[in-house]
Amino acid sequence: MRTGGRLVSELRVAWEVPVWVWRFYLAHLSLVVGLSLIGSVQRLLAVNGWLPDVLSGPSEVLVALSRVGLVAVVAWLGLRDVRLSWPRAWEFATAHWVSLVWQGVLLSAAFLLFDVVLESVVGGLLPVEARQGYLAALLFVKNPTVIALTFIWWVGLARQTSRGSGVREVRR
């Protein structure tokens with residue numbers, strides 16, 4: 001297979017994960033958003049200075065626990081029909097390392113857009129008095145979207161590598 005053909009084929013294999021992520025996200029929207037709203041509300045209160053100092057530490061613990069809970073529930077739902085296998089994951093990584101690079105590129109693009117462009121660049125362009133409110137709103141939105149989708153993506157990656165998805169379509 002030509003190098004260009006392989007790159008496109010591996011992009012197709014890599015694209016399987018975000019497609020699965022989006023379907024999973026929509027199928028479990030209320031669960032994902034519900035657990036993510038804990039972080040959203042905490043960030044909104046904390047960034048705007050509406051959270052008493054005494055609740056700052058405990059609220060961070062609550063956010064961390066809600067995120068661990070989200071990962072656990074997503075893993076349970078997303079992997080219940082998959083038997084995790086290091087040998088299969090290693091086989092997939094060996095055969096589809098280009099696909100994994102593509103996934104790194106896709107995740108990096110999302111990071112650049114939401115963390116660098118929206119948070120730093122756009123936030124930096126706003127007048128000083130608007131930055132705090134903008135950051136609070138951005139963090140409120142990022143919790144049930146970017147952060148949750150990233151967690152689901154990692155579960156999707158574990159799912160794909162353990163199932164050996166794409167192994168027949170692309171050979172080394």
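Predicted model, so just to flag it, every value in this text is computed and none were measured.

Definitions and cut-offs
Residues numbered from 1 in each chain as written. Predicted model: local features only at pLDDT ≥ 70, side-chain atom pairs only at ≥ 80, totals over all residues. Heavy atoms only, no water. Salt bridge = Lys/Arg side-chain N within 4 Å of Asp/Glu carboxyl O. Helix = DSSP H or I, 4+ residues; strand = E, 2+ residues; numbered from the N terminus. Buried < 20%, exposed > 50% of the residue type's maximum accessible area, 1.4 Å probe, protein only. pLDDT = per-residue confidence, 0-100. Contact = heavy atoms within 4.5 Å. Phe/Tyr/Trp six-rings, centres within 6.5 Å; stacked < 30°, edge-to-face > 60°. Lys NZ or Arg CZ within 6 Å of the ring centre and 35° of its normal.

(A) Region of interest: the pattern of salt bridges. Summed over the entire model, instances satisfying the criterion amount to 6 salt bridges. Close ionic contact of Glu10 with Arg6 constitutes a salt bridge, the shortest N to O distance being 3.7 Å. With a gap of 4 residues between them, Glu10 and Arg6 both fall in helix 1 (residues 3-27), about one helical turn apart. Take Glu10 and Arg6: they sit in the same class, and that class is buried. For Asp81, the salt bridge identified is with Arg159, shortest N-O distance 2.7 Å. Of this pair, Asp81 sits in the loop between helix 3 (53-79) and helix 4 (86-95) while Arg159 sits in helix 6 (residues 128-163); the two residues are 78 residues apart in sequence, bridging distant segments of the chain. On the basis of relative accessibility, which here comes to 12%, the residue Arg159 falls in the buried class. Beyond isolated ion pairs, a larger network of salt bridges with shared partners links Asp81, Arg159 and Arg163.

(B) The confidence of the model for the chain, seen in detail. Confidence along the chain averages 91 in pLDDT terms, with 94% of residues attaining 70 or more. In the predicted structure, residues 166-172 sits below a pLDDT of 50 and forms 16 contacts with residues beyond four places in sequence or in another chain.

(C) Just the packing of aromatic side chains, in detail. Within this structure, the stated rule accounts for 2 aromatic pairs. Taken together, a centroid distance of 5.7 Å and an interplanar angle of 20° make the contact between Trp22 and Tyr25 stacked. Of the two residues, Trp22 and Tyr25 both sit in helix 1, 3 residues apart, roughly one turn of that helix. Its relative accessible area of 47% is what places Trp22 among the partly exposed residues. Against the face of Trp76 rests Arg80, its NZ or CZ located 5.7 Å from the ring centre.

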